[in-house]
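The chain contents come next:
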Amino acid sequence: MSHFLSTEHQNKDVLVNVYQNIDKITLDEKVSDIFISSGYKVKQSSAEQITYEKGNYTVRILLGAFVKYYKFTVNTAVESNHVRLSIVRATTGMSGGVIGMNQVKKEQGRLSVELQKI
């Protein structure tokens, strides 16, 4: 059974999905599984949000689009009988030029599709 209800908001920097019939802890675990299985590592973690990072920023600066680098901040919040999941792009990809910006945009789209399967 899919818990995904709808995409409430999506633009180049933020993705907000709404889920039903799932608690915050379970949703956090499922989101973490998606990021970890995609090669991301937890960069920062607090009770409110988790920042996931994939790649090396320093090497990205040196080699540009030849090295992939992604960073997203995830926040989940319970609202009445729904759980709202916000994914905020924490890097623009500009260090990789136009190609790097497109890589980050495509990765955000891929994550959006994966998160809708929850």
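Described in the following lines is the structure provided in the data block. (Residues numbered from 1 in each chain as written. Predicted model: local features only at pLDDT ≥ 70, side-chain atom pairs only at ≥ 80, totals over all residues. Heavy atoms only, no water.)

So, about the environment of F4. Looking at where F4 falls in the secondary structure, it is placed in strand β1 (residues 4-10). For the pair formed by F4 and N17, sequence separation is 13 residues and the distance between their alpha carbons is 7.4 Å. Look past the residues within four positions of F4 in its chain and what remains in contact with it is N17, V18, Y19, Q116 and I118. (Helix = DSSP H or I, 4+ residues; strand = E, 2+ residues; numbered from the N terminus. Contact = heavy atoms within 4.5 Å.)

Before going further, it helps to examine the packing of aromatic side chains. Counted by the stated rule, this structure contains six aromatic pairs. Between F35 and F72 the ring centres are 6.4 Å apart and the planes differ by 55 degrees, which places this aromatic pair in the tilted class. Of the two residues, F35 sits in helix α1 (residues 24-37) while F72 sits in strand β5 (residues 69-79), which places them 37 residues apart along the sequence. Using a relative accessible area of 0% as the deciding quantity, one classes F35 as buried. Judged by relative accessible area, which is 1%, F72 ranks as buried. A connected cluster of aromatic rings, assembled from ring pairs, spans F35, Y40, Y52 and F72. (Phe/Tyr/Trp six-rings, centres within 6.5 Å; stacked < 30°, edge-to-face > 60°. Buried < 20%, exposed > 50% of the residue type's maximum accessible area, 1.4 Å probe, protein only.)

Right, let's talk about the pattern of salt bridges for a bit. If you walk through the whole model with that rule in mind, you get six salt bridges. The shortest N-O distance in the salt bridge between D28 and K24 comes to 3.0 Å. Separated by four residues within a single helix, D28 and K24 lie in helix α1, roughly one turn from each other. For D28, a relative accessible area of 22% gives the class partly exposed. Assessed through its relative accessible area of 25%, K24 is described here as partly exposed. For K43, the salt bridge identified is with E53, shortest N-O distance 3.7 Å. With K43 in strand β3 (residues 41-45) and E53 in strand β4 (residues 49-55), this residue pair connects regions lying 10 residues apart in the sequence. (Salt bridge = Lys/Arg side-chain N within 4 Å of Asp/Glu carboxyl O.)

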